[in-house]
Amino acid sequence: GGSASRRNFATNMSATTTQLVSFTQRPPPTLPPPPAKPYAAADFADAQPGVMVGDDVYPLPFKSMLDVIDAAGFGGFKRDWLDDALRQAPLKANRVTLLSPIPNPPTVICIGKNYQEHIKEVDTQMPGIAKDAVPPVPIIFTKSTSSVCGPDNAVAHPSPASSKMDYEGELGVVIGVGGKDIPKEDAGKHVFGYTIVNDLTARDVQKAHQQWFLGKSFDGFSPIGPCIIPKAELSGGAADPRALSIVTRVNGEVRQTGSTSDMIRDVGDLVECISSCVTLRPGDVLVTGTPAGVGAGFDPPKFLKPRDVVEVEVEGIGTLRTYVAPSLSSKL
């Protein structure tokens, strides 16, 4: 798994920002990699937080990304930590394996139908998944944390349990300081940073069960990465980043284009709503909804199939790449 088998990491991330990653000092698999399995205790034990600069990874002096987040507090990621890390000898990116920047988020909390154009395609092409056009209150659901995987991972096609595997490119918000009953105007203080999530979905399973949990939680169905950008660099410390473009490509074909400015409910609204009921915890990932262009929205639908490559690019963060592997239980 030398550099020839890896895409240039520098092209996957935004060049001028602090890119926080979690990695293991194991050489990466050759591409495409084997299908992702849920992270095991050994992965968490080996995972280290670091800063990616070009093709170099500089370890941070913390045991895990959750420790970084805890230490950051309301003030966010500290520049001194970056300066200290850059004084160490770097590791070469082609000698490490990137994990999800938070391999073990306490909860992955997702928002359904949060972009106007996506609502139209859902209600037209997938009737019955949710009732109202614009939901009067946000649709909130969770994904199993066992579905979390990292950048450049492969995800096994879910057949025979599902034949309708779909992608959803989304902005992820990483909670820094937990809390309950957080007012919208204070939400920015509780954010640590931003990442990219591909909310992979088995549409037939999603529709068959009244709750969406199963259709959203197959192994590998929550790719997160490639990095976290601290809030100070993407939003100036506010809850909401500026208008960030979101583009999803399948095998190079653009499927989704949108902007985070098109969200019906912004990050502050979501933090306020969720924390009115649930105590948010450091490292929780809020997945803020997807723009129009999901596979199920096309006529005929464009579902994912083995050997597809999905790339979700969010401005200022980078590109999250996922490979679709053949099903583990069929001849696909």
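Everything below is about the structure printed above this text.
Residues numbered from 1 in each chain as written. Predicted model: local features only at pLDDT ≥ 70, side-chain atom pairs only at ≥ 80, totals over all residues. Heavy atoms only, no water.

(A) Geometry of the side chain of Ser 259. Checked against the element boundaries, Ser 259 lands in strand S16 (residues 253–259). Side chain to side chain, Ser 259 and Ser 261 meet in a polar contact 2.8 Å long. Apart from the residues lying within four places of it in its own chain, the contact partners of Ser 259 are Tyr 115, Ala 243, Leu 244 and Ser 245. (Helix = DSSP H or I, 4+ residues; strand = E, 2+ residues; numbered from the N terminus. Polar contact = N/O pair within 3.5 Å; in protein donor to acceptor, adjacent residues only side chain to side chain. Contact = heavy atoms within 4.5 Å.)

(B) Layout of helix H3 (residues 79–86). Considered for burial, the residues of H3 that qualify are Trp 81, Leu 82 and Ala 85. Viewed along the axis of H3, the buried residues span an arc of 100°, placing them on a single side of the element. Exposed side of H3, more than 90 degrees from the buried face: Arg 79 and Asp 80 are the residues found there. Those residues of H3 that are buried lie in contact with strand S2 (48–53), strand S3 (56–59) and helix H2 (65–72). (Buried < 20%, exposed > 50% of the residue type's maximum accessible area, 1.4 Å probe, protein only. Arc of directions from axis to C-beta.)

(C) Focus on the packing of aromatic side chains. For the coordinates displayed, the defined rule picks out five aromatic pairs. Looking at Arg 255, its charged tip hangs above the ring of Phe 298, at a distance of 5.8 Å from the centre. (Phe/Tyr/Trp six-rings, centres within 6.5 Å; stacked < 30°, edge-to-face > 60°. Lys NZ or Arg CZ within 6 Å of the ring centre and 35° of its normal.)

(D) Local environment of the nonpolar core. Counting 35 residues, the largest nonpolar core has Leu 171, Val 271, Leu 280, Leu 286, Val 314 and Ile 317 as the members making the most contacts within it. Counting residues per element, the ones that place at least two in this core are strand S1 (19–24), strand S6 (108–112), strand S11 (169–175), strand S12 (191–198), strand S14 (222–230), helix H9 (267–275) and strand S18 (309–314). Counting residues per element, this core draws most heavily on H9, at four residues. Those residues in contact with Val 271 that sit more than four places away from it in its chain are Ile 175, Ile 182, Ala 187, Leu 280 and Leu 286. Val 51, Leu 82, Ile 102 and Cys 110 belong to the second-largest nonpolar core, a separate cluster that totals 30 residues. (Core = buried A, V, L, I, M, F, W, Y, C linked by side-chain atoms within 4.5 Å.)

(E) Representation of the side chain of Thr 248 within the structure. With respect to the helices and strands, Thr 248 occurs in strand S15 (residues 245–250). Here Gln 256 takes part through its side chain, which lies 2.8 Å from a polar atom of the side chain of Thr 248. With near-sequence residues (within four places) excluded, Thr 248 lies in contact with Tyr 167, Gly 169, Glu 253, Val 254, Arg 255, Gln 256, Val 310, Glu 311 and Val 312.

(F) Seen up close, unusual backbone geometry. Residue Pro 160 is bonded to the preceding Ser 159 through a cis peptide linkage, with omega at 5°. Along the chain, Pro 160 turns up in the loop between strand S9 (153–156) and strand S10 (165–166). Cis peptide bonds are those with omega within 30 degrees of zero, and the linkage from Asp 299 to Pro 300 qualifies with 0°. Assignment of secondary structure puts Pro 300 in the loop between strand S17 (285–287) and S18. Non-glycine residue Lys 113 carries a positive phi angle of around 50°.

(G) Up close: the pattern of salt bridges. Throughout the structure, instances matching the rule amount to 19 salt bridges. As a salt-bridge pair, Arg 203 and Glu 168 come within 2.8 Å of each other at their nearest N and O atoms. On the criterion of sequence distance, the pair formed by Arg 203 in helix H6 (residues 203–208) and Glu 168 in the loop between S10 and S11 is long-range, its members being 35 residues apart. Here the residues in one salt-bridge network are Lys 143, Asp 166, Glu 168, Asp 199, Arg 203 and Lys 216, joined through shared partners. (Salt bridge = Lys/Arg side-chain N within 4 Å of Asp/Glu carboxyl O.)

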